[in-house]
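Remarks on the overall topology
Below, each chain spelled out in residue letters.
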Amino acid sequence: MGNRGMEELIPLVNRLQDAFSAIGQTCDLDLPQIAVVGGQSAGKSSVLENFVGRDFLPRGSGIVTRRPLVLQLISSTSEHGEFLHCKGKKFTDFDDVRREIEAETDRVTGTNKGISSIPINLRVYSPNVLNLTLIDLPGITKVPVGDQPPDIEYQIRDMIMQFICRENCLILAVTPANMDLANSDALKLAKDVDPQGHRSIGVITKLDLMDKGTDVRDVLENRLLPLRRGYVGVVNRSQKDIEGKKDISAALAAERRFFKSHPAYRHMADCMGTLYLQRLLNQQLTNHIRDTLPALHSRLQGQLLSLDKEAEEYKYLNPDDPSRKTKALMQLIQHFGQDFEKRIEGSGDQVDTVELSGGAKINRIFHERFPFELVKMEFDEKELRREISYAIKNIHGIRTGLFTPDMAFEAIVKKQIVKLKGPCLKCVDMVIQELINTVQQCTNKLESFPKLREETERIVTTHIRERESQAKDQVLLSLEIQLSYINTNHEDFIGFANAQQKTNQTSKKPSAGNQVIRKGWLTINNISLIKGGAKEYWFMLTAESLSWFKDDEEKEKKYMLPLDNLKVRDIEKGFMSSKHVFAIFNTEQRNVYKDYRHLELACDTQDEVDSWKASLLRAGIYPEKTTVDGEGSGQAESFSMDPQLERQVETIRNLVDSYMSIVYKSIRDLMPKTIMHLVINNVEEFIHSELLAQLYSSGDQYSLMDESPEQALRREEVLRTHASLKEALNIITDISTSTISTPLPPPVDNSWLHSGSLHRRSPPGYSVPKKHPAPSLPVRLDAPASPVSNSTDTTNTTNRPKRVLPSVPRRQPPAVPTQPPH
């Protein structure tokens, strides 16, 4: 029976299919298989039952097959069925097989006629079958029934396409003879995914139900809608035969007599019927497997290599071994400490290419965000002068002061120093939050041990919070120290004499030359739509100007804007906008760019906006002051001073400006050092020296190393997959593919259609040379063998002997028996 030369190939694929179905979709291999496609009531179930010789498939109205059924037929001396989901249980009663299919279908899809793409794997052992693997797919339907969704037709088509789109899947397209082939959904789907017909095999059922005087001889002779692999006709049991429990053996004998006696089919009777179809499919699938073995071997090898390292780690792993837990705990905490240090200090093997994190983000907080927060607290000019004047008047009391009181200077300076508490504490908060984020990123590698991860995060975070409290106390202490003594003898302080000599000119920052401060892309957001709308430009910020170019090569300058009298204003992000926006405007109400009073600049993230603001700050462009409407404005405008008081106010103003610049400079230098010493360096030292001891003292250290269910499942899956891949490779390597095979039939010759001997129009798209005048009939399996080609497998380089299969011509099976086997 069948192709003895390659009889081990189909069982091989069956074992692969079972192995990979058991482990899920981890190995998404395109295994060679045959998918059975057809409309409802096309006879698919009857064909499969005839193959087995038993009634075992569910029957009824509507959609009966609601899940793919992977049917593996295995030639054996005994007869029984086995399900993959019921391992070890043998079904000798095929009525029980049917009930189990129905129960397993309902378990996943429910009883409302719903469908599911999760397959049911059934293996049938029988002396009456050839080795064959088929996938019975739900019948194509048009109208939903019961509680089915309205798009049930498209759901079924999508499921079918998942299988037949694969290059290694042969398509068994089942069509009833009493239907016009032009309306066959099965052939249409096959044509869509296999336009050349290389993978399609046609099956015509219900030949005995055709009207008297009609036949499908031209279809079975491959003349109408030709397929490379041809068509096979079968005659199944009628509904009356099924309900009457007609024996399938008797039905096969009746099918044989039908083809022998029918005038239109008797000349091809040996190439028709269920038994011939079974042998044909066995031959075609075996040959198909042989052709796909090299690619399958390569893919298996690639997946095995990708799992080798992980499987080796799990191979000798005993999760409950106390010594292993102790060693693993120490190693994990050591790696955690190293990862934390690398993220803070910087390292080539821990580079985040998506966003700033760890030490880089803390560095930005120190040198961009914190200075920017300080500047935002800078005093308002009008408000400051008003406060100084009141301070001077209140210090003089009823007397008229001839000299500038230094007490006014000290009072104003202390008030400004107190305002620094907010930015300083905010700086500590930002650094603490980034440290906690870094800890959480580093504990991601501990996710296999949830208790250990949770306890590690708790201990380290608690320590960080303790250090946060100490750091804030130290920061406040530093400000208290600044308040405790105003050092007017500081070498950088301007002094009273110099302050009095100054005029009312506005102090300017010393020029830093035209040095480049920053370059980068920004979007100008408020250009009119007529001129092209928002557009991205390459910006260059120097100490004197802001320029933008067409591209980053800086060849075509679009505009250069001087920095004089510029300030930055926050703009609320638009509801539909994905970008973050800020604006630059002129304090003297002049146009900034052409006809625009302000220039809206946009970035992708808020971090980029903050970074650009900090860069603009370095260039002397300060943020706009936001004041509550009406607050003190009337007093400031109506307030007037005599010339002597004005000179005193200007003197105090110059002194405060000079001294606060010293304080700002000191605080900007001291804050990073304080946080580094009290928090960051201390946390690193704590992780390296004390974390492990605290973990041991926190409770049962062995329970910390309990695996998560996901990790245990992952380990089992990796080991099972690795073993299955390894076994599959061993089996494939041991099998020699040097047997004689039958090549795919040549393209169908339809030149006879143009000879005028038949009055039938040629199907479109089929034309071959006219050197073959006779029509091509289906190839008989017992016909003489055609010229063959040997293909020797040279992939096995091991020294072990190969199991070389006998080289038997694939077209020389025993003749079809006149009676079906019992």
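Residues numbered from 1 in each chain as written. Predicted model: local features only at pLDDT ≥ 70, side-chain atom pairs only at ≥ 80, totals over all residues. Heavy atoms only, no water.

Okay, the overall build of the chain next. Assigned secondary structure in the chain consists of 22 helices and 16 strands. For the chain, contacts bridging at least 24 residues in sequence account for 76% of all contacts bridging at least 6. For the chain, the computed accessible surface area is about 41,800 Å², with 50% contributed by carbon and sulfur atoms. (Helix = DSSP H or I, 4+ residues; strand = E, 2+ residues; numbered from the N terminus. Contact = heavy atoms within 4.5 Å. Areas by Shrake-Rupley, 256 points an atom, 1.4 Å probe, with all protein chains shown as cover.)

Attention now goes to the packing of aromatic side chains. Any aromatic ring pair is given by two values, namely how distant the centres are and how the planes are angled relative to each other. Counted according to the given criterion, the structure contains 13 aromatic pairs. On the basis of an interplanar angle of 40° and a centroid distance of 6.2 Å, the ring pair of Phe258 and Tyr265 is categorised as tilted. For the pair Phe258 and Tyr265, one class covers both residues: buried. Ring centres of Phe409 and Tyr659 lie 6.0 Å apart, and the angle between their planes is 90°; this geometry places the pair in the edge-to-face category. Note that Phe409 is positioned in helix α13 (residues 406–418) and Tyr659 in helix α19 (residues 643–689), a separation of 250 residues in sequence. Note on accessibility: Phe409 and Tyr659 belong to one class, buried. Members of the aromatic cluster, connected to one another through ring pairs, are Phe539, Trp548, Tyr559, Tyr593 and Tyr596. Stacked on the ring of Phe585, the Lys or Arg Arg569 has its end atom at 4.0 Å from the ring centre. (Phe/Tyr/Trp six-rings, centres within 6.5 Å; stacked < 30°, edge-to-face > 60°. Buried < 20%, exposed > 50% of the residue type's maximum accessible area, 1.4 Å probe, protein only. Lys NZ or Arg CZ within 6 Å of the ring centre and 35° of its normal.)

Attention shifts here to the sheet that holds strand β1 (residues 33–38). One open sheet holds the eight strands; their spatial order is β3-β4-β2-β5-β1-β6-β7-β8, and the pairing between them is mixed. Two strands bound the open sheet, and with one partner strand each, they are β3 (80–83) and β8 (231–233). For this sheet, the mean angle separating the axes of adjacent strands, direction not counted, is 25°. Across seven bridges, strand β2 (residues 69–75) lies against strand β4 (residues 120–126) in parallel orientation. Across the sheet, the residue bridging to Leu73 is Val124, located in β4. Sheet contacts for helix α2 (residues 44–52): β1, β2, β4, β5 (132–136), β6 (169–176) and β7 (200–205); angle to β5, the most-contacted strand, approximately 155°. (Pairing = 2+ DSSP bridges. Axes fitted to C-alpha atoms, helices over the stretch in contact; angles between N-to-C directions.)

Once that is clear, we can look at the sheet that holds strand β14 (residues 580–586). Read from one edge to the other, the open sheet built from eight strands follows the order β12-β11-β10-β9-β15-β14-β13-β16, with strand pairing classed as mixed. Because the sheet does not close on itself, it has two edges, and the strands there are β12 (557–562) and β16 (622–623). In this sheet, strand β15 (residues 598–603) lies alongside β14 in antiparallel orientation, the contact comprising six bridges. Pairing of Phe585 across the sheet is with His598, part of β15. Sheet strands in contact with helix α17 (residues 606–618) are β9 (516–524), β10 (535–542), β13 (566–570), β14, β15 and β16, and its direction is about 135° off that of β9.

For the rest of this paragraph, the subject is the state of the cysteines. For the structure on display, the rule yields zero disulfides. The structure places no disulfide on Cys424, whose sulfur is separated from the nearest cysteine sulfur, that of Cys427, by 7.3 Å. (Disulfide = S-S within 2.5 Å.)

All right, on to the pattern of salt bridges then. Counted according to the given criterion, the structure contains 35 salt bridges. Taking the shortest distance from any N to any O, the salt bridge between Lys421 and Glu480 comes out at 3.6 Å. You can see Lys421 sitting in helix α14 (residues 421–442) and its partner Glu480 sitting in helix α15 (residues 450–484), a full 59 residues away along the chain. With a relative accessible area of 25%, Lys421 lands in the partly exposed category. The closest approach of N and O atoms between Lys555 and Glu553, which form a salt bridge, is 3.4 Å. Salt bridges sharing common partners tie together Asp429, Arg465, Glu468 and Lys472. (Salt bridge = Lys/Arg side-chain N within 4 Å of Asp/Glu carboxyl O.)

The biggest cluster of nonpolar side chains holds 91 residues, and the ones touching the most others in it are Leu134 and Leu207. Ranked by the residues each element gives to this core, the list is headed by helix α9 (residues 274–315), at 12 residues. Not counting the four nearest positions on each side in its chain, Leu134 is found in contact with Ile34, Val36, Leu48, Phe51, Leu69, Val70, Leu71, Leu73, Leu172 and Leu281. Ile365, Leu452, Val663 and Leu704 belong to the second-largest nonpolar core, a separate cluster that totals 68 residues. (Core = buried A, V, L, I, M, F, W, Y, C linked by side-chain atoms within 4.5 Å.)

We now examine unusual backbone geometry. Phi is positive for Lys206, which is not a glycine, with a value near 60°. Position of Lys206 relative to the elements: it lies in the loop between β7 and α6 (217–220). Residue class for Lys206 comes out partly exposed when judged on its relative accessible area of 24%. Backbone geometry places Lys594, a non-glycine residue, at a positive phi of 55°. If you trace the backbone, Lys594 turns up in the loop between β14 and β15.

We now examine helix α11 (residues 359–376). Because the α-helix completes a turn every 3.6 residues, residues three or four places apart line up on one side. Look at α11: 25 Å from first C-alpha to last across 18 residues, which is about the 26 Å you get at 1.5 Å a residue. When α11 is considered as a whole, its buried residues turn out to be Gly359, Ile362, Arg364, Ile365, Phe366, Arg369, Phe370, Pro371, Phe372, Glu373, Leu374 and Val375. (Expected span 1.5 Å × (residues − 1).)

For helix α8 (residues 248–261), with 14 residues, the first-to-last C-alpha span of 20 Å sits near the 20 Å given by 1.5 Å per residue. Residues Ile248, Ser249, Ala251, Leu252, Ala253, Glu255, Arg256, Phe258 and Phe259 constitute the buried set of α8.

Interhelical geometry of helix α4 (residues 152–164) versus helix α5 (residues 185–193) gives an angle of 50° and a closest axis separation of 11 Å. Between α4 and α5, the interaxial angle falls into the category oblique. Of the two possible hands of crossing, α4 and α5 adopt the one that is right-handed. Residues Arg157, Ile160, Met161 and Ile164 of α4 touch α5, and the partners they reach there are Asp185, Leu189 and Val193. Grouping the amino acids of the contact of α4 with α5 by side-chain chemistry returns five nonpolar, no polar and two charged. (Parallel < 35°, antiparallel > 145°, perpendicular 65-115°, else oblique. Left-handed = near helix turned anticlockwise from the far one by under 90°. Nonpolar A, V, L, I, M, F, W, Y, C, P; charged D, E, K, R; others polar.)

A few words on the packing of α11 against α17. Packing of α11 against α17 leaves a shortest axis separation of 9 Å and a crossing angle of 60°. Relative to α17, the element α11 is oriented oblique. Here α11 and α17 pass one another in a crossing that is left-handed. Seen from α11, the contacting residues are Lys361, Arg364, Glu368, Arg369, Pro371, Phe372 and Val375; seen from α17, they are Asp607, Glu608, Asp610, Ser611, Lys613, Ala614 and Leu617. Partitioned by chemical class, the residues of the contact of α11 with α17 number five nonpolar, one polar and eight charged.

Moving on, we come to the confidence of the model for the chain. Per-residue pLDDT for the chain averages 76, and the proportion of residues at 70 or more is 74%. Confidence drops under pLDDT 50 across residues 736–740; counting only partners more than four residues distant or on other chains, this segment forms 26 contacts. Below pLDDT 50 for its whole length, residues 750–822 participates in 135 contacts with residues either more than four positions away or in separate chains. (pLDDT = per-residue confidence, 0-100.)

A few words on the side chain of Arg67. Along the chain, Arg67 falls in the loop between α2 and β2. Owing to a relative accessible area of 4%, Arg67 belongs among the buried residues under this scheme. In terms of polar contacts, Arg67 uses its side chain to reach the backbone carbonyl oxygen of Ile118, at 2.7 Å. Among residues more than four places away in sequence, those in contact with Arg67 are Glu104, Thr105, Val108, Thr109, Ser116, Ile118, Pro119, Ile120, Asp136 and Pro138. (Polar contact = N/O pair within 3.5 Å; in protein donor to acceptor, adjacent residues only side chain to side chain.)

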